[in-house]
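Spelled out, the chains give:
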Amino acid sequence: MGNRLRFSSDFSAAEARIWGLVEQYTGRVGYHRGTKAAGLDASPPLIDCSGWVGLLLASAMNAQNADAGEDIFDTADIAACIAWSDRIILEIEARTSTVLVGSEITAATLPRNATIGLNIGDFGWETNFPRTRGINHIVQVVHRPADQMSFVSESIGPDDKGGVRLTPLAAWLRDCDRFIAVGKAWAVDPFAMANRHAR
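Basis of the calculations
Residues numbered from 1 in each chain as written. Predicted model: local features only at pLDDT ≥ 70, side-chain atom pairs only at ≥ 80, totals over all residues. Heavy atoms only, no water. Helix = DSSP H or I, 4+ residues; strand = E, 2+ residues; numbered from the N terminus. Buried < 20%, exposed > 50% of the residue type's maximum accessible area, 1.4 Å probe, protein only. Contact = heavy atoms within 4.5 Å. Areas by Shrake-Rupley, 256 points an atom, 1.4 Å probe, with all protein chains shown as cover. Core = buried A, V, L, I, M, F, W, Y, C linked by side-chain atoms within 4.5 Å. Pairing = 2+ DSSP bridges. Axes fitted to C-alpha atoms, helices over the stretch in contact; angles between N-to-C directions. 1 Å grid on protein atoms, 1.4 Å probe; cavity = no way out; pocket = protein on both sides within 12 Å on 5 of 7 lines; lining within 4 Å. Points joined across faces, edges and corners; volume = space filled by probe spheres on them. Nonpolar A, V, L, I, M, F, W, Y, C, P; charged D, E, K, R; others polar. Expected span 1.5 Å × (residues − 1). Polar contact = N/O pair within 3.5 Å; in protein donor to acceptor, adjacent residues only side chain to side chain.

Caption draft 1: Just the overall build of the protein, in detail. Assigned secondary structure in the protein consists of 6 helices and 8 strands. Counting from the amino terminus, helix and strand elements in the protein follow one another as α-β-β-α-α-α-β-β-β-β-β-α-α-β. Burial statistics for the protein: of 199 residues in total, 50% are counted as buried. If you take every contact in the protein between residues at least 6 apart in sequence, the share linking residues at least 24 apart comes to 64%. Accessible surface for the protein amounts to roughly 9300 Å². Of this, 52% is attributable to carbon and sulfur atoms.

Here it is in structure tokens:
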């Protein structure tokens, strides 16, 4: 991204791990705010948006490291992906100096494996847990290996009928244009943290 040197651009192991999780859990896991990856072991399984994205990213980065036999992704950078939605976006942005805001976010401009944070409204719980930029939802762009079609994977409420779902990227961008068009969306490139310390 930008002028930064990229030592690794092949994230096939990371992408394969993400898609494996998407296939395993889409439509089979409910939503519950504040529930992270441990909620997948509950009955019924539950997870919130940042728990889901954090699981996808950490699992992907660890898979890429294992495949390479070295730390393509630093352990501290992986750990930074396990956080609340606004913090994940801020941590990746700080480490990569790259962010797309609002109408800059399009299918053509998004990084291949973008993580997108959104402010999707005002909620009572935010009174006690204020979020930077009002970011209160987060999603992950993923790719189907068979044809490389792009999707958005997310866990979204309400608690009683939400959960982990998969939407074609183009449809998701249309659905979320009401947030994107008014500058209430931020996209970062988590895989741009690859080899960040190998300078």
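Caption draft 2: Representation of the nonpolar core in the model. Residues W52, F73 and F191 are the most contacted members of the largest nonpolar core, which totals 36 residues. Residue assignment for this core shows that the elements contributing at least two residues are α1 (12-25), α2 (49-68), α4 (85-96), β5 (137-143) and β8 (185-188). With residues up to four places along the chain from it excluded, the contact list for F73 reads F11, M61, Q64, N65, I78, P190, F191, M193 and A194. Counting residues in each nonpolar core, the second largest holds 17 residues, with L110, A114, V139 and A187 among its members.

Caption draft 3: Representation of the sheet that holds strand β7 (residues 163-168) in the model. Strand order in the open sheet formed by 6 strands is β3-β8-β4-β5-β6-β7, with antiparallel pairing between adjacent strands. Two strands bound the open sheet, and with one partner strand each, they are β3 (100-101) and β7. Of the pairings in the sheet, the one linking β5 to strand β6 (residues 150-156) comprises 4 bridges and is antiparallel in character. By the bridge assignment for β6, Q140 is matched with S153. Each of β4 (115-118), β5, β6 and β7 is contacted by α2, which is oriented at about 35 degrees to β5, the strand it contacts most.

Caption draft 4: Seen up close, the layout of surface pockets. Approximately 170 Å³ is the volume attributed to the second largest pocket. L118, I120, H137, E154, I156, R165, T167, W172, D175, C176, R178 and F179 are the residues that line the second largest pocket. Those elements that place two or more of their residues in the lining of the second largest pocket are β6, β7, α5 (169-175) and α6 (177-180). Of the residues in the lining of the second largest pocket, the class split is 6 nonpolar, 2 polar and 4 charged.

Caption draft 5: Representation of the pairing of β4. Across the two faces of β4 the burial is the same, with T115 and G117 and I116 and L118 all buried. Where β4 meets β5, 4 bridges bridge the pair, whose relative direction is antiparallel. Counterpart to L118 in the pairing with β5 is H137. Sheet topology note: the β4/β8 ladder contains 4 bridges and is antiparallel. Note that in β8 the partner of L118 across the bridge is A185.

Caption draft 6: Highlighting α2. In a regular helix each residue adds 1.5 Å, so 20 residues correspond to 28 Å; α2 covers 29 Å between its end C-alpha atoms and thus fits that length. Where burial is concerned, most of α2 is hidden: 15 out of the 20 residues are buried. One side-chain oxygen at the N-terminal end of α2 lies 3.4 Å from the backbone nitrogen of S50; it belongs to D48. Just downstream of α2, G69 is the residue with a positive phi angle, here 70 degrees.

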